[in-house]
Amino acid sequence: MSESKTHKVTLIPGDGIGPEVTQSVVRILEATGAKFEWERFAAGAEAFEIHGEYIPAALYESIERNRLALKGPVTTPIGGGFKSINVTLRKKFDLFANLRPIRNLPGLDTKYPGVDLVIVRENTEGEYVGLEHEVVPGVVESIKVITEKGSTRIARFAFEYARKHGRKKIMKLSDGLFLRCARQVAEEFPEVTYGEHLIDNTCMQLVMNPFQYDTLLLENLYGDIVSDLCAGLVGGLGLAPGANLGVNCAIFEAVHGSAPDIAGKDVANPTALLQSAILMLRYLDETAAADKVQKALETVYGERRSLTRDVGGTAGTTQFTEAVLAAMG
Ligand code: ATP
């Protein structure tokens, strides 16, 4: 893709801290030299008030056209009988792979310096299929669905990612059919070491020694839980980026939710969404722009002068954003 191309991106600021962190990230992306045309949409409660729908038809159409979105957190209305908006979007566009790199930023005093993990989470199946019903009053049955097709394609994604990025080791966390499919795919990738760990043991191992892992391949729910755990290893939820990837469509979003406790106060850390945007730039082959933002982010963290509260600083969202912009020159 040429550096001068204008990228059309569906932008979903979301709610809670979403609009603040999205505004910050858009300002920074606009300063990279890469060109963007943003198609901005509300989703969730805000969209419901305006359009009477949690996910407006025009938003679906925009993603359908652009095959690319940058998304802030969107809270799912509780008790409305509506499936999670995040899950709905991932399913609708068959974004079966959730990629979550976990690395330290400089300047942060974390318990584990030098962590370099990649979480590959299956994104469409497991408990998230939303099949739940009340068998008799007081007894709810929830169905976890694992398919051969879904398990094989996520395993293949993980191995191909490992091969492309020179990662050496995949640890598969789970059981049953998912495990069998991963074993089969592993045979096609002899250069990648493959191993299996049980989920409960892995949580303990990650806390004792995260350096023994490289790439983690997980079912949907396990992936969600382990992602938060791993975000904690490198400084918390304000930092961890994510990409939802399908065959020909991608939605980039942070691991964290809408954090209503700190919304609207100019204190949220935009780093997680910014690092998701760096993943987006790399996906678009905007390598120079991605490197520029990455370097500026590392400079700001290394200097420690303009960090947000969640990572031990005193700066607000705006001050942090301006520091990154200044570091980009
Ligand atoms: P969800 O269930 O929607 O995924 P969650 O349970 O993971 O959400 P979050 O809303 O992501 O919860 O956040 C948990 C807490 O972490 C928040 O209350 C907030 O204090 C902190 N937090 C999350 N994201 C950020 C951020 N970007 N900057 C600063 N603090 C954050």
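Since we're looking at a predicted model, the values are computed, not measured. (Residues numbered from 1 in each chain as written. Predicted model: local features only at pLDDT ≥ 70, side-chain atom pairs only at ≥ 80, totals over all residues.)

Caption draft 1: Quick peek at the overall build of the protein chain. Across its full length, the protein chain holds 11 helices and 12 strands. At 20 Å, the protein chain has a C-alpha radius of gyration in line with the 20 Å of a compact globule built from 329 residues. Considering only C-alpha atoms, the protein chain reaches an extent of 50 × 50 × 40 Å along its principal axes. For the protein chain, buried positions account for 43% of its 329 residues. (Helix = DSSP H or I, 4+ residues; strand = E, 2+ residues; numbered from the N terminus. Rg over C-alpha atoms; globule rule 2.2 N^0.38 Å. Buried ≥ 20, exposed ≤ 12 C-beta atoms within 10 Å, placed from the backbone.)

Caption draft 2: Here's a closer look at the domain arrangement of the protein chain. When the domains of the protein chain are assigned, the result is domain 1 (1–96 + 237–329) and domain 2 (111–233). Computed over C-alpha atoms only, the centres of domain 1 and domain 2 are separated by 24 Å. Considered class by class, the residues forming the side of domain 1 that touches domain 2 number seven nonpolar, one polar and four charged. (Domains from an automatic or database assignment. Nonpolar A, V, L, I, M, F, W, Y, C, P; charged D, E, K, R; others polar.)

Caption draft 3: View of the pairing of strand β2 (residues 35–40). Bridge count between strand β1 (residues 6–12) and β2: six bridges; the pairing is parallel. Bridge pairing in β2 places K8 opposite E37. Handedness of the β-α-β unit built from β1, helix α1 (residues 18–30) and β2 comes out right-handed. (Pairing = 2+ DSSP bridges. Right-handed = clockwise from strand over helix to strand, strands pointing away.)

Caption draft 4: Representation of the nonpolar core. Of all hydrophobic cores here, the largest spans 86 residues; its most connected members are A43, I119, V120, A158, A277 and V293. Mapped onto the domain boundaries, this core takes at least three residues apiece from domain 1 (1–96 + 237–329) and domain 2 (111–233). The contact partners of A277, leaving out residues within four places of it in the chain, are V25, L29, L70 and F252. (Core = buried A, V, L, I, M, F, W, Y, C linked by C-beta atoms within 7 Å. Contact = placed C-beta atoms within 7 Å.)

Caption draft 5: Examining helix α8 (residues 220–233) more closely. Along its 14 residues, α8 runs 20 Å from first to last C-alpha, staying within 8% of the 20 Å computed at 1.5 Å per residue. Inspection of α8 places N220, Y222, G223, V226, S227, C230 and A231 among the buried residues, and these make up the whole buried set. Down the axis of α8, the smallest arc covering the buried residues is 160 degrees, so these residues share one side. Two residues or fewer after α8 comes G235, characterised by a positive phi angle close to 130 degrees. (Expected span 1.5 Å × (residues − 1). Arc of directions from axis to C-beta.)

Caption draft 6: Representation of the environment of K8 in the model. By the secondary structure assignment, K8 is in strand β1. Using a count of 15 C-beta atoms within 10 Å as the deciding quantity, one classes K8 as partly exposed. Taking the C-alpha atoms as reference points, K8 and S62, separated by 54 residues in sequence, lie 9.4 Å from one another. For K8, the contacting residues outside a window of four places in its chain are E37, E39 and N66.

Caption draft 7: Spotlight on the environment of E132. Looking at the element boundaries, E132 is found in strand β6 (residues 126–136). A tally of 10 C-beta atoms within 10 Å means that E132 is categorised as exposed. Put simply, E132 and S142 are 10 residues apart on the chain and 4.3 Å apart in space, counted from C-alpha to C-alpha. In this structure E132 touches V140 and S142, once residues within four positions along its chain are discounted.

Caption draft 8: Up close: the environment of N244. If you trace the backbone, N244 turns up in strand β11 (residues 243–245). On the basis of neighbour counts, which here come to 25 C-beta atoms within 10 Å, the residue N244 falls in the buried class. Each residue touching N244, except ones within four places of it in the same chain, is listed here: R90, L95, N98, N123, A250, I251 and E253.

Caption draft 9: Looking closely at the packing of helix α5 (residues 148–164) against helix α6 (residues 176–186). One way to put it is that α5 packs onto α6 with a least axis distance of 8 Å and a crossing angle of 45 degrees. In terms of orientation, α5 and α6 fall into the oblique class. Note on packing geometry: the crossing formed by α5 with α6 is right-handed. Residues E148, S151, T152, A155, R156 and F159 of α5 form the contact with α6, whose own contacting residues are L177, F178, C181, A182, V185 and A186. (Axes fitted to C-alpha atoms, helices over the stretch in contact; angles between N-to-C directions. Parallel < 35°, antiparallel > 145°, perpendicular 65-115°, else oblique. Left-handed = near helix turned anticlockwise from the far one by under 90°.)

Caption draft 10: Just the packing of α1 against helix α11 (residues 317–328), in detail. Viewed as axis vectors pointing N to C, α1 and α11 meet at an angle of 15 degrees, and their least axial separation amounts to 10 Å. On the basis of their axis angle, the class for α1 and α11 is roughly parallel. You can see that α1 and α11 cross each other, and the crossing is right-handed. The residues of α11 that touch α1, namely those facing E20, V21, S24, R27 and I28, are T317, T321, V324 and L325. In the contact of α1 with α11, the residues fall into four nonpolar, three polar and two charged.

Caption draft 11: Just the pairing of strand β5 (residues 116–122), in detail. Of all the seven residues making up β5, six are buried; the element is thus mostly covered by neighbouring parts of the structure. Where strand β4 (residues 97–103) lies against β5, seven bridges are found, and the strand directions are antiparallel. Residue pairing in the sheet places L99 in a bridge with V120 of β5. Across four bridges, the pairing between β5 and strand β10 (residues 215–218) is parallel.

Caption draft 12: Fine view of unusual backbone geometry. Positive phi outside glycine occurs at D94, with the angle close to 50 degrees. As for its placement among the helices and strands, D94 is situated in the loop between α4 (85–92) and β4. Here the phi dihedral of D285 falls at roughly 60 degrees; this positive angle occurs in a residue that is not glycine. Relative to the assigned elements, D285 resides in the loop between α9 (271–283) and α10 (287–303).

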